[in-house]
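# Analysis of the macromolecular model
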Amino acid sequence: MLGGLSEALEGGSRRGLRVQLLAVLVLALMPLLILSSLQAVMEYERQREREIERLHSAVLTASEAISAAFSRADGKAGALASQTFSLLDDPASCTATLRRMAEADVTVANIAVLDSEGRLVCSALPPAQSGDNFSSREWFQAVRDGADITHSDVVYGTMSQRQVVLTVRRMRSRIGAEGDSAETFTGAVAVATDMNQAARLVRRERLRADAQLALISRQGALKLDGNTGPDNLFENVAVGPILEQARPGETIRLQEGTGVRQGYEVIVASLVPERLGVAIAAPARVFENWGGLSVIGAFAIPALMTLLVLVCVWVAVDYFILRWLTYLQRIAQLYAAGRLDLVPQRARKAPREVARLAAVMEQMAASLDEQRTELAEAVDQRSGLLREIHHRVKNNLQVIVSLLNLQSGRIKDPAAAEALMDARRRINALALVHRSLYETDDLRFIEVNPFLKDLIGNLGNVLGGEESPIRLEVECVDLALSPDQAAPMALFVTEAVTNAFKHAFSGRPTGRILVRFTCGEDGQYEIAVIDDGTGIDSEVSNGTGTSLMNAFAQQLQGQFISRNNAQGGYEAAVIFPLHESWED
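As a starting point, this report considers the structure included with it. Numbering of residues begins from 1 in every chain and follows the order in which that chain's sequence is written. In keeping with the predicted nature of the model, local features appear solely for residues at pLDDT of at least 70, side-chain atom pairs appear and are counted solely at 80 or more, and the whole-chain, interface and lining totals rest on all residues. For side-chain calculations, the full set of non-hydrogen atoms in the structure is used, while hydrogens and water are omitted.

## With respect to the sheet that holds strand β10 (residues 276–283)
Rules: Pairs of strands are assigned from DSSP output, requiring at least two bridges between the strands. Note on conventions: DSSP H or I runs of at least 4 residues are helices, E runs of at least 2 residues are strands, and numbering of each starts at the N terminus. Angles here are taken between N-to-C directions and fall from 0 to 180 degrees, while the axes themselves are lines fitted to C-alpha atoms, restricted in helices to the stretch in contact. Contacts between residues were defined by any pair of non-hydrogen atoms, one from each residue, lying within 4.5 Å.
One open sheet holds the five strands; their spatial order is β7-β6-β10-β9-β8, and the pairing between them is antiparallel. Two strands in the sheet have a free side with no partner beyond their single neighbour: β7 (220–223) and β8 (251–253). Sheet twist, expressed as the mean angle between neighbouring strand axes with direction ignored, is 30 degrees. Relative to β10, strand β9 (residues 264–272) is paired through eight bridges, and the arrangement is antiparallel. Its bridge partner lying in β10, Val-272 is registered against Leu-276. With respect to the sheet, helix α2 (residues 17–81) is in contact with β6 (212–217), β8, β9 and β10, its orientation differing from that of β9 by roughly 30 degrees.

Here is the structure:
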């Protein structure tokens, strides 16, 4: 039963109490972790939307700042357009006036006045070359065709050497009587707004450090100098279709598939409908600001709490349960080794349940110790009684042997006397069995080697005397037999040795008889009596002695074998198995 329990422990589940408790806790806390994960995802999406809303607000603020520069440029252009004749008639005065107006506003790169043919009349900055004519420009054609105001795309100013946007006003004059006058196109006033200076009006603190600001037109996006990033995030962005959708005061978020880099957001606001706009490109990163802490905390705090609970349970189970179970296991092993008087003193400091278990184990050990003492006393008493029985049986058999000796001395018939002597030898063998039993420490078995030597010694004294020329020898393996097998084996040896003394050495003064006890490879045991005499004829081999030896072999549940050996002598043997109860 103990072996089966050990095999179950070795072959069964190796998951201990601590692991199973942790598994139960993980299963119990799993809904919390799942909910916290969902909450973290939702919080991440909220923070991302807030980040995108900040970008929307920032691009509106930037558009307002740049629109204010355009408004100032428009105001200057409108004021100058109303002074048509004074500007056209006095170029020198016009140049000085334009220079003062341009210097008064850092966002104004240049102011120029053109006549009706597109020729430069005067400019705040000197012309790049004389005779410049701008009549072929789209913005000039627009005001010449009747537009009161127009804006150019982002162009490179030949006089200012900067990226500018032109705000162009139509100059006109009235011809004819007051009631019947007509307006004629006399020229245009163009105010160049420096876009890099205008970008500096945008409050950078409203933008992320890695955000980029750009002015977009139909030709593409112009990254403004206010940006610090080395890369141009607008390089592959398709901004043309966005200008057609943008409306003043509104923002548009570019979707995937428009050239926006992965992980970035591009927000566009209109400056001039369908012509100019401002855009901000920035990564919508949640974890680089304080909002990221709420996202991390939504998942990390429950996860850390779960981990803390698991660690606490791990330590608590080890401190309050496992170490006491280990201690009780050692106590139980000592009890199994026979130390039943051991008291588990340390368990008195253990938790109440463990202390109760230790108390029960102590009571069990005390009860087992008491039972063991009672069993030992009962065994000692039984052994004493058995020894006394075997001693008395042996004494009684000795009395019978003595009576047979007395009776054989009075009988005159040699055959009758010989029969009494045979009976005496057989009874003496049984007496030797009982003597061996009460002299041994364990009444359950008899050591074969000393038993056979005593038996052969007694037979030699009885059959041949102390100075007999017939040598008796014993070869025996170390083995113990039960009394139920030792008695018929002793009778068999007695009968075989007696037959050898009587019949094996006729006409010879000396001889040798060997009693051999061996164990075969198949677990069968053999007791054999071998002599080197003249052999035995068929009449003797079928006599009473042979019948008795065959009967003793049956009592041993073995097979009787009798044969002449190679030396010319005779061999009588029994092959028998060890008693099953003795094997157990």
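## A few points about the pattern of salt bridges
Worth spelling out the cut-off: Salt bridges are defined by distance alone: a side-chain nitrogen of Lys or Arg within 4 Å of a carboxyl oxygen of Asp or Glu. Note on exposure labels: buried denotes an accessible area under 20% of the residue type's maximum, exposed denotes more than 50%, and partly exposed covers the range between, all computed with a 1.4 Å probe on protein chains only.
Within this structure, the stated rule accounts for 10 salt bridges. The residue Arg-162 makes a salt bridge to Asp-194 at a minimum N-O spacing of 2.9 Å. Here Arg-162, found in the loop between β3 (149–156) and β4 (163–175), pairs with Asp-194, found in strand β5 (residues 182–194); they are 32 residues apart in sequence, far enough to count as distant. Its relative accessible area of 38% is what places Arg-162 among the partly exposed residues. In this structure Asp-194 comes out as buried when scored by relative accessible area, which is 3%.

## Brief notes about the environment of Tyr-44
Note that Tyr-44 resides in helix α2. Linking Tyr-44 and Ile-296, residues 252 residues apart in sequence, is a C-alpha distance of 8.7 Å.

## Topic: the pairing of strand β2 (residues 120–123)
One ladder, built from three bridges, connects strand β1 (residues 108–115) with β2; its direction is antiparallel. Residue pairing for β2: Ala-112 is matched across the bridge by Ser-123. Once β1 ends, the chain turns through four residues before running back antiparallel as β2, passing Gly-118 with a positive phi of about 90 degrees.

## Overview of helix α4 (residues 91–103)
Note the following rule: Expected helix span is computed as 1.5 Å times (number of residues minus one). When we speak of the arc, we mean the arc of directions from the helix axis to the C-beta atoms.
Here α4 contains 13 residues, and its C-alpha end-to-end distance of 18 Å stays within 8% of the 18 Å for a straight helix at 1.5 Å per residue. What α4 keeps buried is the set Cys-94, Leu-98 and Ala-102. Projected onto a plane normal to the axis of α4, the buried residues spread over an arc of 60 degrees and lie on a single side. The outward face of α4, more than 90 degrees from its buried face, is lined by the exposed residues Ala-92, Arg-100 and Glu-103.

## Overview of empty space enclosed by the protein
Keep this limit in mind: For each structure, a 1 Å grid was placed over the protein atoms alone; sets of points admitting a 1.4 Å probe that cannot get out are labelled cavities, open sets with protein on both sides within 12 Å along at least five of seven lines are labelled pockets, and lining residues have an atom within 4 Å of a point. Grid points are joined across faces, edges and corners, and a volume is the space filled by probe spheres set on the points. Just so you know the grouping, Ala, Val, Leu, Ile, Met, Phe, Trp, Tyr, Cys and Pro go in nonpolar, Asp, Glu, Lys and Arg go in charged, and all remaining residues, Gly too, go in polar.
Tallying each qualifying case throughout the model produces two cavities of 30 Å³ or more. Estimates place the volume of the largest cavity at around 60 Å³. Surrounding the largest cavity, Ala-496, Asn-499, Ala-500, Val-529, Asp-531, Ile-536, Met-549, Tyr-570 and Ala-572 form its lining. The set of elements that each furnish at least two residues to the lining of the largest cavity consists of α12 (483–503), β15 (524–531) and β17 (570–577). Sort the elements by how many residues they give to the lining of the largest cavity and α12 lands first, with three residues. Among the residues making up the lining of the largest cavity, the classes are represented as seven nonpolar, one polar and one charged.

## Re the nonpolar core
Rule in force here: Put simply, a nonpolar core is a bunch of buried Ala, Val, Leu, Ile, Met, Phe, Trp, Tyr and Cys residues held in one set by side-chain atoms that sit within 4.5 Å of each other.
Core analysis: the biggest nonpolar cluster contains 39 residues, and Leu-452, Met-489, Phe-492, Val-493, Phe-517 and Ile-527 have the highest contact counts within it. Listing elements by their share of this core, those giving two or more residues are α11 (448–463), α12, β14 (511–519), β15, α14 (544–555) and β17. The leading source of residues in this core is α12, at 10 residues. Judged by nonpolar contacts, the second largest core, of 28 residues, contains Ala-65, Ala-198, Leu-213 and Leu-222.

## Observations concerning a negative patch on the surface
The criterion, for reference: Patch members must show over 30% relative accessible area and no salt bridge, and they are joined within 9 Å when carrying like charges or within 5 Å when they are nonpolar side chains of Val, Leu, Ile, Met, Phe, Trp or Tyr. Surface accessibility follows the Shrake-Rupley procedure with a 1.4 Å probe radius. Residue values consider only the protein chains on display as shielding. Neither His nor the chain ends is counted toward charge; the positive residues are Lys and Arg and the negative residues Asp and Glu. One atom stands in for each charge, and that atom is NZ of Lys, CZ of Arg, CG of Asp or CD of Glu.
A contiguous patch of negative charge, built from Glu-370, Glu-374, Glu-377 and Asp-380, is present on the exposed surface. Here Glu-377 is to be found in helix α9 (residues 352–410).

## Some words on a nonpolar patch on the surface
There is a patch of nonpolar side chains on the surface, built from Leu-17, Leu-21, Tyr-319, Phe-320, Ile-321, Leu-325 and Leu-357 and spanning about 580 Å² of accessible area. The set of elements that each furnish at least two residues to the nonpolar patch consists of α2 and α8 (290–336). Looking at the nonpolar patch element by element, the count peaks at four residues for α8. Since its relative accessible area comes to 38%, Leu-325 is described here as partly exposed.

## A short note on unusual backbone geometry
Positive phi is not limited to glycine here, since Gln-161 has a value of about 55 degrees. Positionally, Gln-161 belongs in the loop between β3 and β4. Owing to a relative accessible area of 45%, Gln-161 belongs among the partly exposed residues under this scheme. You will see that Gln-557, though not glycine, has its phi angle at about 60 degrees, which is positive. Considering the arrangement of structural elements, one finds Gln-557 in the loop between α14 and β16 (559–564). Judged by relative accessible area, Gln-557 falls into the exposed class, the value being 63%.

## Things to note about the pairing of β14
Sheet analysis places strand β12 (residues 470–476) next to β14, joined by seven bridges and oriented parallel. Paired with Glu-475 across the two strands is Arg-516, which belongs to β14. For β14 and β15, the ladder comprises seven bridges, and the chain directions are antiparallel. If you follow Ile-513 over to β15, its bridge partner there is Asp-531. Counted between consecutive antiparallel strands, the loop separating β14 from β15 contains four residues, among which Gly-523 sits at a positive phi close to 85 degrees.

## Concerning the packing of aromatic side chains
Spelled out, the test is: Working definition: rings of Phe, Tyr and Trp (its six-membered ring) pair if their centres are within 6.5 Å, and the pair is stacked with planes under 30 degrees apart, edge-to-face with planes over 60 apart, and tilted otherwise. Note on criteria: charge over ring means Lys NZ or Arg CZ within 6 Å of the ring centre, with the direction from the centre no more than 35 degrees off the ring normal.
Here the structure, examined in full by the defined rule, presents nine aromatic pairs. Arranged with centres 5.0 Å apart and planes meeting at 90 degrees, the rings of Tyr-319 and Phe-320 form a pair that is edge-to-face. On the accessibility criterion, Tyr-319 (45% relative accessible area) is partly exposed. Since its relative accessible area comes to 46%, Phe-320 is described here as partly exposed. Centroid distance Trp-324 to Tyr-327: 6.4 Å. Interplanar angle 85 degrees. Geometry classified as edge-to-face. Taken together, the positions of Trp-324 and Tyr-327, both in helix α8 and three residues apart, correspond to about one turn of that helix. Residue class for Trp-324 comes out buried when judged on its relative accessible area of 5%. Three or more aromatic residues joined by ring pairs form one cluster here, namely Phe-134, Trp-139, Phe-140 and Phe-185. Over the ring of Tyr-319 we find Arg-323, and its NZ or CZ is 4.2 Å from the ring centre.

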